[in-house]
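Each chain, letter by letter, is given below.
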Amino acid sequence: ESTTESEGLRGPWPFGFRVLLLALALRAGWALVVPPAPTSDCVAYDLLARSIVEGHGYGFAPGDLSAYWPVGTSAVFALLYTIFGVGYGPIVVMNVAVGVATVWLTMTLARDWFGDRAGLAAGLLMAVWPGQVEFTTLLASELLFNVCVLAALYAESRDRWPAWGRAIATGVALAAASYVRPLALLLPAIFAFCRIAGPQRGSRKWTAVGVEAAATVVVMAVLIAPWTVRNMRVFGRPVLISTNGGPNLWMGNNPLSQGGYMDLPPEVDGMNEAVRDKYLGGIAKDYIRERPGVFLVGVIKKLRYTHDRESIGVVWNQEGLTRAFGSGILMPLKLASAIYWWSMLVLAAVGAAAAYRRLGFRRFLGLAPLVLWVYFAGVHAVVVGGDRYHYPSVPMIAALAGLGAAVVLSRGRADGAAESDHPATDAPAR
């Protein structure tokens, strides 16, 4: 069986290559029939990109410079507008390429973690994932963030690369991810934890892991520093990436919060963005300290709110889908997306159980896809929830679901190839 799998990966028409072709076909097909029609956050990214191209700087209006939203996504769109002219076509083409790259990286990393079968299954699940395909025609940050994080994970896990090469590549990828979403700023520490505590522990000395993580942080700091300096000049106080951390924390932690997006309170109108960031963050922290029980209940509600559906890809494509197919297509697509999402959660639970059985409790706690899923979900459980906020976890869920699918297909045999073809799940439990 292992020989067949290897031939399937490396033959003239390897299954993995076919998965990538399927991913390409689905995304290109979606792009051809669904016209991009920006709405909600997509409108803001477009507006900010146009402001950059027109020479007004990064802001929602000429002379009103901003750092409220991380600059990375709009900066990429502005680069495409500068090269190809203002229009959505190049962004869609980029999204197709990024989507296929995400499938390849997910497949490769899942293979590293769980073996050939699980890797191929994870790639196939990502290739046909409705929400991932739907984001092809959206001007959004989700696809860019995911591909940068996966690229960083890929670089960090290349044991054959020199340590300095890994640190530089990982730092560059994580700096890019941080410009898209500051959620990536803590990932060097999380990567180091997974390396020390997870299935790969012992593959590098603790000191070497620490030094490499520190070098990664230095690379990130060098690349992020110019934007931080710009923000200091604009706002008169240090702002690392964006000024929306405090507002987002407030949205999820105030007496009127339902766990999702809220309009900012009227008393902050006209405030310096950095001042507003600190002010609202302070209010939210006071609320959490004064009502710890309410806060914990809110955390649980936001976890549920973030994971109970996956419809944002349809909602944000609503105008384009209606133009192409009429409004009758919306509900079936939402239902299909939701069913697929719930199915992936079930398969991921099966995969996590299989990994736990083989790894034991201690190494299971350092399993990279699990740790990253918990991290991404945990941040938004504290801050603000919504189905769009589980998108950073999707490749991790797909990797675990790939293992789950491999286990199911091998009829759950404890010694099946799905679990025994890689040390990440073959080592005896400790």
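This text gives an overview of the structure that appears in the document. (Residues numbered from 1 in each chain as written. Predicted model: local features only at pLDDT ≥ 70, side-chain atom pairs only at ≥ 80, totals over all residues. Heavy atoms only, no water.)

## Regarding helix 8 (residues 142–156)
For helix 8, built from 15 residues, the straight-helix expectation of 21 Å at 1.5 Å per residue is met to within 8% by its first-to-last C-alpha distance of 21 Å. Counting buried positions along helix 8 yields 13 of 15 residues, so the element is predominantly enclosed. (Helix = DSSP H or I, 4+ residues; strand = E, 2+ residues; numbered from the N terminus. Expected span 1.5 Å × (residues − 1). Buried < 20%, exposed > 50% of the residue type's maximum accessible area, 1.4 Å probe, protein only.)

## Some words on the pattern of salt bridges
Across all of its chains, the model carries 14 salt bridges by this definition. Between Asp159 and Arg195 there is a salt bridge; the shortest N-O distance is 3.5 Å. Taken together, the residues Asp159 in the loop between helix 8 and helix 9 (163–180) and Arg195 in helix 10 (residues 187–197) connect sequence positions 36 residues apart. Note on Asp159: relative accessible area 42%, which makes it partly exposed. Among the salt bridges present, the one from Arg323 reaches Glu319, with a minimum N-O distance of 2.8 Å. (Salt bridge = Lys/Arg side-chain N within 4 Å of Asp/Glu carboxyl O.)

## Description of the environment of Ala49
Within the element layout of this structure, Ala49 appears in helix 3 (residues 41–53). Owing to a relative accessible area of 0%, Ala49 belongs among the buried residues under this scheme. For the pair Ala49 and Ser74, spaced 25 residues apart in the sequence, the C-alpha separation amounts to 4.7 Å. If we skip the residues at most four places from it in the chain, Ala49 touches Ser74, Phe77, Ala78 and Tyr81. (Contact = heavy atoms within 4.5 Å.)

## Things to note about empty space enclosed by the protein
In this structure the tally under the stated criterion is 1 cavity of 30 Å³ or more. Counted as a void, the largest cavity has a volume near 100 Å³. Taken together, Glu156, Thr170, Pro188, Phe191, Ala192, Arg195, Arg204, Val209, Glu212, Ala213 and Thr216 form the lining of the largest cavity. Among the residues forming the lining of the largest cavity, the class breakdown is 5 nonpolar, 2 polar and 4 charged. (1 Å grid on protein atoms, 1.4 Å probe; cavity = no way out; pocket = protein on both sides within 12 Å on 5 of 7 lines; lining within 4 Å. Points joined across faces, edges and corners; volume = space filled by probe spheres on them. Nonpolar A, V, L, I, M, F, W, Y, C, P; charged D, E, K, R; others polar.)

## Details of the side chain of Asp277
Take Asp277: it is sitting in helix 13 (residues 273–290). The side chain of Asp277 sits in the buried core without any salt bridge; Arg276 is the nearest counter-charge, 7.4 Å away. The residues contacting Asp277, other than those within four sequence positions of it, are Ser242, Thr243, Asn244, Gly245, Gly246 and Pro247. (Lys, Arg positive; Asp, Glu negative; His and termini not counted.)

## Regarding the nonpolar core
Nonpolar side chains in soluble globular proteins tend to be buried together. If you look at the biggest cluster of nonpolar residues, it comprises 115 residues, and the most contacted ones within it are Phe114, Trp129 and Leu187. Filtering out sequence-adjacent residues up to four positions away, Leu187 remains in contact with Val149, Leu174, Leu372, Tyr375 and Phe376. Core analysis: the second largest hydrophobic core is formed by 7 residues, Val133, Val314, Leu321 and Leu333 among them. (Core = buried A, V, L, I, M, F, W, Y, C linked by side-chain atoms within 4.5 Å.)

## With respect to helix 4 (residues 72–84)
Taking 1.5 Å per residue, 13 residues should reach 18 Å; helix 4 reaches 18 Å between its end C-alpha atoms and fits that length. Among all positions of helix 4, only Gly72, Thr73, Ser74, Phe77, Ala78, Leu80 and Tyr81 are buried. Considering only its buried residues, helix 4 is in contact with helix 3, helix 5 (89–114), helix 8 and helix 9. One or two positions beyond helix 4, positive phi appears at Gly85, with a value near 95°.

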